[in-house]
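Structure assessment
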Amino acid sequence: GDRIEAGDRIRTSPSSNARLDFFDGSTTALASDTEITIAQMHSRRDGSGKVMVIQQWLGRVDNHVNSLTDRDSSFRVETRTAVAAVRGTVFAVSTAADGSTHVTVTEGIVNVAYQEATVALSGGQELTVRPDQDHLATCPICEVSSAPWPTPSLPRPAQETPYGAQVLGATEIA
C-alpha cells in the first residue's frame with residue numbers, strides 16, 4: 001500500500017473504498033464517496049502521546065481504535081459540525097454534504113463535542129448533529145456536560161516523532 005502522512009487528503013470514488021492502518025495498529029475504513037484529511041499523526045519518542053486526527057469532509061469512516069493507555073494520547077474525527085474523540089473503541093462517523101454528522105458506536109465510549117456541549121455515547125448508541133442544531137440537550141440517550149472533551153496538550157516537534165500510515169486493501173468495486 002501507499003504510505004500516508006499528516007496533511008495528506010484521501011478521497012474514494014463511487015466505486016472504491018480504502019483502509020488505513022495506523023502506526024499503533026488502529027484502522028480506519030473509508031467507504032465509497034468519502035473524503036478525509038490526515039490532520040495530525042504523531043507520537044513522542046518514547047511511544048506515548050499518540051495523536052491521530054482525521055478531518056472528515058464527506059462520506060463514512062469506520063474506525064477501530066486500539067486502546068490508548070496514556071492520558072496524552074487521542075484519536076479524533078473532526079467534521080464541520082462535531083468532533084468525535086476516543087481512547088480505544090469501535091465507531092463510525094458519516095458526514096453529509098449539508099454538514100450533518102452521524103456517529104454510531106459499536107463498542108466502547110465516544111465523546112462527541114458540539115459547540116459548548118460534550119455527549120458521551122456508548123456501544124449501541126448513535127447521534128446525529130445537524131449544522132442548524134443549537135445544542136445536544138434534546139438527545140434522549142445521551143448525557144450532556146457543559147465542557148468539551150479535553151484536547152491533550154503535547155510537546156511541539158522537538159519531542160515528537162512523526163509516523164505514517166499505510167493505505168491497505170484499497171479495492172475497486174465493480
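Residues numbered from 1 in each chain as written. Predicted model: local features only at pLDDT ≥ 70, side-chain atom pairs only at ≥ 80, totals over all residues. Heavy atoms only, no water.

Brief notes about the overall build of the protein
Looking only at helices and strands, one finds zero helices and 16 strands in the protein. Counting the 174 residues in the protein, one finds 45% classified as buried. Contacts spanning at least 24 positions in sequence make up 50% of the contacts within the protein whose residues lie at least 6 apart. (Helix = DSSP H or I, 4+ residues; strand = E, 2+ residues; numbered from the N terminus. Buried < 20%, exposed > 50% of the residue type's maximum accessible area, 1.4 Å probe, protein only. Contact = heavy atoms within 4.5 Å.)

Concerning the pairing of strand β12 (residues 117–122)
Sheet topology places strand β11 (residues 109–114) next to β12; six bridges connect them, and they run antiparallel. When the bridges of β12 are listed, valine 110 appears paired with leucine 121. Between the antiparallel neighbours β11 and β12 lie two residues, among them glutamine 115 with a positive phi of about 50°. (Pairing = 2+ DSSP bridges.)

Notes on the pairing of β11
Regular strands have side chains that alternate between both faces of the sheet. Extensive coverage of β11 is indicated by the burial of five of its six residues. One ladder, built from three bridges, connects strand β8 (residues 83–86) with β11; its direction is antiparallel. If you follow alanine 84 over to β11, its bridge partner there is valine 112.

Remarks on the environment of serine 15
Within the secondary structure, serine 15 is located in the loop between β2 (9–11) and β3 (16–21). Linking serine 15 and alanine 31, residues 16 residues apart in sequence, is a C-alpha distance of 9.4 Å.

Let's talk about the confidence of the model for the protein
Atomic detail in the predicted coordinates should be set aside for any region of low pLDDT. Mean pLDDT for the protein: 79, with 76% of residues reaching 70 or above. Residue range residues 140–174 is modelled with pLDDT below 50. Its contacts to residues more than four positions away, or to other chains, number 98 contacts. (pLDDT = per-residue confidence, 0-100.)

Thoughts on the packing of aromatic side chains
A complete count under the given rule lists two aromatic pairs for this structure. With centroids separated by 5.9 Å and ring planes inclined at 85°, the aromatic side chains of phenylalanine 22 and phenylalanine 75 adopt a geometry described as edge-to-face. Here the residue phenylalanine 22 occupies a position in the loop between β3 and β4 (27–30), and phenylalanine 75 occupies one in strand β7 (residues 74–78), the gap between them amounting to 53 residues. By relative accessible area, phenylalanine 22 is classed as buried at 5%. An aromatic cluster of at least three residues, connected via ring pairs, comprises Phe22, Phe75 and Phe91. (Phe/Tyr/Trp six-rings, centres within 6.5 Å; stacked < 30°, edge-to-face > 60°.)

Digging into the side chain of threonine 95
Structurally, the position occupied by threonine 95 is in strand β9 (residues 89–95). Accessibility expressed as a relative area gives 6% for threonine 95, which makes it buried. Here the side chain of threonine 95 touches glutamine 56 through a polar contact of 3.3 Å, side chain to side chain. Not counting residues within four places of it along the chain, the set of residues in contact with threonine 95 comprises Gln56, Trp57, Leu58, Gly59, Thr79, Ser100 and Thr101. (Polar contact = N/O pair within 3.5 Å; in protein donor to acceptor, adjacent residues only side chain to side chain.)

Some words on the pattern of salt bridges
Summed over the entire model, instances satisfying the criterion amount to six salt bridges. Residue arginine 19 is joined to aspartate 21 by a salt bridge in which the shortest nitrogen-to-oxygen separation is 2.7 Å. The closest approach of N and O atoms between arginine 44 and aspartate 72, which form a salt bridge, is 2.8 Å. With arginine 44 in strand β5 (residues 35–44) and aspartate 72 in the loop between β6 (51–65) and β7, this pair connects stretches of sequence that are 28 residues apart. Here the residues in one salt-bridge network are Arg9, Arg11 and Glu35, joined through shared partners. (Salt bridge = Lys/Arg side-chain N within 4 Å of Asp/Glu carboxyl O.)

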